[in-house]
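Tertiary structure, described
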Amino acid sequence: MSPGQAGVVDAHHHVWDLAVRDQDWIRGDAMAPIARSFGLDDLRPEAAARGVVTTVLVQTVVGPDETPELLALADGDPLVGAVTGWADLTSPALADDLAALRDGPGGRWLRAVRHQVQHEPDPRWLARPDVVRGLATVAAAGLAYELLVLPHQLPAALDAVRAVPEGRFVLDHCAKPPVASGALEPWSRDLRALAAEPAVTCKLSGLVTEAAWATWTPADVAPFATVVLDAFGADRVMAGSDWPVCLLAASYGAVWDLARDLLAGCSPTERDAVLRATATRVYGLGGA
């Protein structure tokens with residue numbers, strides 16, 4: 001993937017304005033590289049340099065106020081092709097909440113929702129009956145649900161997916177495997193079990209920030225990417241930058257260079273799937 005290549009989809013990035021809303025997870029000296037506001041104008045030249053023509057803009061805040069703002073951004077900027085927003089899966093009013101988002105300004109760009117399950121203390125949170133009902137409501141609304149989980153939460157994610165056979169699911173950041181330690185198990189076993197469910201796709205993203213930030217190499221990440229590609233197949237994997245979070249460990253360009261390295265053994269069709277076609281299909285980009 002060289003500068004100027006056309007047609008790449010960045011399947012996962014964020015924006016935030018700290019003058020509008022605090023990001024309470026950005027704390028401490030280690031987070032200093034991202035302790036400022038980031039907007040689409042910051043991303044635009046970076047995306048253009050890497051041939052990224054469309055992106056999926058993903059929520060960062062647990063609460064109802066951010067998602068309408070993201071939808072308005074998408075409505076006014078051709079770089080964004082889809083939005084993953086937030087919704088309260090446990091709310092009895094979830095169906096109405098989703099309908100209100102879809103009917104509001106920019107609502108046509110809402111293609112998925114997610115919740116920061118990684119912060120839930122209950123490892124079985126996703127399999128709770130009230131949450132499963134919410135997942136079914138998301139599916140009925142025609143939206144995908146993004147699974148933002150840690151490795152120990154993968155078994156509950158599998159149970160939730162099986163409980164909502166009509167749903168469509170996207171696993172964010174490969175469930176954040178322990179790249180820094182190099183330990184593939186039990187993450188690999190549980191990820192393969194989830195990948196056996198055809199309704200689940202996976203974002204090849206977020207791996208550099210699970211590695212040793214200052215010293216990682218492509219060789220550290222490669223075994224984990226190999227598991228993902230083998231388990232899901234290229235037609236159910238999509239690449240994302242996780243910008244600007246990735247800046248903790250790598251530049252935007254370095255993330256896409258890593259993607260090129262990780263896909264070096266793939267066929268042209270497989271590379272196209274990971275870099276464009278899977279995300280285009282899952283998020284309905286460009287009318288797909």
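Structure's up top.
Residues numbered from 1 in each chain as written. Predicted model: local features only at pLDDT ≥ 70, side-chain atom pairs only at ≥ 80, totals over all residues. Heavy atoms only, no water.

Attention now goes to the nonpolar core. By size, the foremost hydrophobic cluster in this structure holds 89 residues, and its most contacted members are Leu-126, Tyr-145, Leu-147, Leu-171 and Phe-232. If one sorts the elements of this core by residue count, helix 7 (residues 218-232) sits on top with eight residues. In this view, Leu-147 contacts Leu-126, Ala-157, Val-161, Phe-169, Val-170, Leu-171, Asp-172 and Leu-194; residues no more than four positions away in its chain are not counted. Counting 13 residues, the second-largest nonpolar core is a separate cluster that includes Val-9, Val-56, Ala-279 and Val-282. (Core = buried A, V, L, I, M, F, W, Y, C linked by side-chain atoms within 4.5 Å. Buried < 20%, exposed > 50% of the residue type's maximum accessible area, 1.4 Å probe, protein only. Helix = DSSP H or I, 4+ residues; strand = E, 2+ residues; numbered from the N terminus. Contact = heavy atoms within 4.5 Å.)

A word on the packing of helix 3 (residues 94-103) against helix 4 (residues 129-140). Helix 4 packs onto helix 3 with a crossing angle of 35° between their chain directions and a minimal axis gap of 9 Å. The way helix 3 lies across helix 4 gives a crossing that is right-handed. When helix 3 is examined against helix 4, the residues Leu-94, Ala-95 and Leu-98 are found in contact with a partner set consisting of Gly-134, Thr-137 and Val-138. In terms of residue class, the contact of helix 3 with helix 4 is made up of four nonpolar, two polar and no charged. (Axes fitted to C-alpha atoms, helices over the stretch in contact; angles between N-to-C directions. Left-handed = near helix turned anticlockwise from the far one by under 90°. Nonpolar A, V, L, I, M, F, W, Y, C, P; charged D, E, K, R; others polar.)

Buried residues dominate strand 4 (residues 110-115), accounting for six of its six residues. In this view, the connection linking strand 3 (residues 80-86) to its parallel neighbour strand 4 by way of helix 3 has right-handed handedness. One ladder, built from four bridges, connects strand 4 with strand 5 (residues 144-147); its direction is parallel. Bridge pairing in strand 5 links Ala-112 to Ala-144. After leaving strand 4, the chain enters helix 4 and then returns to the sheet as strand 5, a path that is right-handed. (Right-handed = clockwise from strand over helix to strand, strands pointing away. Pairing = 2+ DSSP bridges.)

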